[in-house]
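Next come the chains, spelled out residue by residue.
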Amino acid sequence: MMYKKVPLPFLLIVVLIAAHSSTYSQKKNASFQLNIRKTHLPIVIDGKGDDLAWQDTDVAKDFYMVLPMDTGMANETSEIRMTYDDDNLYLLATFYHSKKADYFVESLRRDFSFGKNDNFLLFMDPFNNQTTGFSFGANAYGAQWDGTMYDGGKVDLNWDSKWISETTRDEEKWVFEMAVPFKSIRYEAGVSEWGINFSRLDLKSSEKSSWTPIPRQFPTASLAYTGTLVWDTPPPKPKLNFSVIPYVLGEISRNTANAEDADYKAKVGGDFKFSLTPSLNLDATVNPDFSQVEVDRQVTNLDRFELFFPERRQFFLENADLFANFGYETIRPFFSRRIGLGVPIQAGLRISGNLNKKWRIGLMDMQTASVDETGLPSQNFGVVSLQRKMFSRSSLGLLLVNKQSTRYIEENDSIYARYNRNLGVEYNLASSDNLWNGKAFLLKSFAPDKENSGITQAAHLEYKSRKWNWRLQEEWVSEDYSAEVGYVPRNGYVNISSFAGHLFFPKSGKIVSHGPKLNTSYFFNEKFVRTDNTSFLQYLIEFRNRSSLEFFVSDDYVELLNPFDPTRLGIASLAAGTKHQWNAFGWEYASKPQSLFTYIFQGRVGGYYADGRLTSLSSELGYRFQPYVSLSANLNYNYIDLPAPWNTNEFWLIGSEVDITFTNKLFFANLFQYNEQTRNFNLNSRLQWRYAPASDLFLVYTNNQMIDPFMPKDWSLTLKFTYWFNK
């Protein structure tokens, strides 16, 4: 078996050696401690911080600079105070600034873009596992930010919870005050020390700072670098907590392909949340609706394989790391967008969270309806994920994915499989100092036929310091591996890829860092014969004002495994087995985020298939009337010059978005997209009123049109009402 040629043993040995040598050391910032004491005095959340309760609190100050350089103390002064009572955790943050200028904020929309706002973020690790936790914060105009933390430093912003906050501003400082109910978060009873850190971004001075020192190559969300919140007595014992979130909606729609008259419908459903334990949550959904979810951003597709579009439905996104992060971006045994694809979801259930400090669990079960017109049977999707913490921050995971047709009709055996299953094991390496990370996994698929019962395996090791960043990765996906509930666009290959980069740091001047990065990726068939490869050399420049510039030169080689139309316009296809090679040059410049007018320019000029030429130019333009209006436009132009029968082709992709935040509770967004490659026009308008915490009223209009002939393809207008009942 040619699989033996893949250097898996070497990578696994290196990963395990790195794990054992670097994951036992003590937590880096254990000496940074903030004492929190209980108060019996009232606190009014008004962003002023003048309540008597704040006078008897310790202060976290003397922040460290993270960006542009991590070699000293922050220039801007920050002060954090915390206290609590029987019901809430309170925080007061005061941020002084030495430069007199307007605050920089993108909008008042919740879960704002971190790098485009003056903001403050709190990171909490209640289980002290340096892997999971919660994040809360706001920008200088009071737009809230909240999410769950996973993978030791990533934040899932799709999680919403009930909490309140207010901000105030003057010429010298801005103040943030918040109260988070204990029932809105998960923690272990009786624990008197939590991991904690505070992050501030001040765009006026182009400075990002942190209470604890953090190397600049890591995000301030890195739980490996948190300090300690020391409680005078453990926080209140978690109580019974459940929520019911019903919705009702009315919709009018029309699809000209099926009917001339409009269709009217009403729908009722909802979600249910129940805390099984202080750290384990049960979520259930009945007759779910996702009409208010953002539509996909269209792209120009010149790739030979299926494109990936991210999941946007909230039920699948909360604690998604337990289910969707297994494998790699192009080897996913579970991809939730496979569920409910053109088929109604009847009900779903999910159990996820921490069993204790060492164990996490995720269980999901979704049931879809049958489709009589196509003979598609009703299907059940079950996922089991189990994760065990290893050493200080690494983990060992197990995943089982099962797609099972119910009420199966034997006559459809050649169209719809009775079942498809995936079983896998994965080891994730994360060193205590964050310098080393890696992964190794093995997956096996099971199906009624041998043609879809195969194996995939992959591993990588990465090192990331301030100056050096390198990675080595290998993958093997057998031809008979199948993941019907996953995303695996390519089968029957072995891939070996790597990159290595180095940064230089000038002591003065407008440039904060610059350096080269070499990337290579080689694909082979299972007989280890090369089929394609790409290599490109980048040069990266980062400026002190947070703008950036990149250049690259690339070399590509492709032996087509299947016929392929290089324009994807349906003109003709290049034959399988034909070989193609080309070189290209490209660039990208991103402006500083402090400007009201921001832009990104990208370009690529060079060769293409069949000795042709491809020129691709893109731009992202933005302008804001802060803090209420944000305008953006995306333009992509492609010029393809090929021999007959393709000849010369050019097409545009145009997108524009208007985001209006009347207040931090009333939002309007309008997205327009035109894709000349697919000749499709799309419009999506969404009005959202958050009339109560985590409770919304949506009015959504969507329209899809084909340009030739110019007539509506389908449109809909939906009014949806949700309310969060919490106990």
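Preceding this paragraph is the structure being described.
None of these values were measured; they are calculated from a predicted model.

A. Looking closely at the packing of aromatic side chains. Within this structure, the stated rule accounts for 47 aromatic pairs. Centroid distance Phe585 to Trp587: 6.0 Å. Interplanar angle 40°. Geometry classified as tilted. The exposure class assigned to Trp587 is partly exposed, which follows from its relative accessible area of 27%. Directly above the ring of Tyr493 sits Arg490, whose terminal nitrogen or CZ lies 5.6 Å from the centroid. Here the basic side chain of Arg530 rests over the ring of Tyr557, its NZ or CZ set 4.0 Å away from the ring centre.

B. Quick look at the environment of Leu386. Relative to the helices and strands, Leu386 is located in strand S19 (residues 378-390). Considered as a pair, Leu386 and Asp611 are 225 residues apart in the sequence and their alpha carbons are 50 Å apart. Beyond its immediate chain neighbours, meaning those up to four positions away, Leu386 contacts Trp359, Arg360, Ile361, Leu396, Gly397 and Leu398.

C. Structural view of the pairing of strand S30 (residues 597-607). In the sheet, strand S29 (residues 579-590) pairs with S30 via 7 bridges, with the strands oriented antiparallel. Within the sheet, the bridge partner assigned to Gly586 lies in S30 and is Arg604. Here S29 folds back onto S30 in antiparallel fashion, the turn holding 6 residues. Alignment of S30 against strand S31 (residues 613-625), held across 11 bridges, turns out to be antiparallel.

D. Quick peek at a nonpolar patch on the surface. Side chains of Val384, Leu396, Leu398, Leu400, Leu423, Val425, Leu442, Phe446 and Ile455 sit close together on the surface and give an oily, nonpolar patch of about 670 Å² of accessible area. When contributions to the nonpolar patch are tallied by element, the ones reaching two or more residues are strand S20 (394-406), strand S21 (419-430) and strand S22 (436-446). No other element matches S20, which puts 3 residues into the nonpolar patch. When you line up the elements, Leu396 lands in strand S20. We classify Leu396 as partly exposed; its relative accessible area is 36%.

Reading the values: rules and limits
- Within every chain, residues take consecutive numbers counted from 1 along the sequence as written.
- For this predicted model, a pLDDT threshold of at least 70 governs which residues receive local features, and a threshold of 80 or more governs which side-chain atom pairs are given and counted, while totals over whole chains, interfaces and linings are taken from all residues.
- By convention in this description, side-chain values take in all heavy atoms of the structure and omit both hydrogens and water.
- Working definition: a ring pair exists when centres of Phe, Tyr or Trp rings (six-membered ring for Trp) sit within 6.5 Å. Plane angles under 30 degrees give stacked, over 60 give edge-to-face, the rest tilted.
- Under the scheme applied here, a residue whose accessible area is under 20% of the maximum for its type counts as buried, over 50% as exposed, and between as partly exposed, the area being computed with a 1.4 Å probe on protein chains only.
- Distance and angle both matter: a charge sits over a ring if NZ of Lys or CZ of Arg is within 6 Å of the ring centre and within 35 degrees of the ring normal.
- Helical segments are the DSSP runs of H or I of at least four residues, strand segments are the runs of E of at least two, and each set is numbered from the N terminus.
- Residue contacts are counted whenever heavy atoms from the two residues lie within 4.5 Å of one another.
- For two strands to pair, DSSP has to find at least two bridges joining them.
- Two joining distances apply to patches: 9 Å for like charges and 5 Å for nonpolar side chains (Val, Leu, Ile, Met, Phe, Trp, Tyr), and every residue must have over 30% relative accessible area and no salt bridge.
- Residue burial considers only the protein chains on display, and all accessible areas are found by Shrake-Rupley using a 1.4 Å probe.
- For salt bridges, the criterion is a side-chain nitrogen of Lys or Arg within 4 Å of an Asp or Glu carboxyl oxygen.

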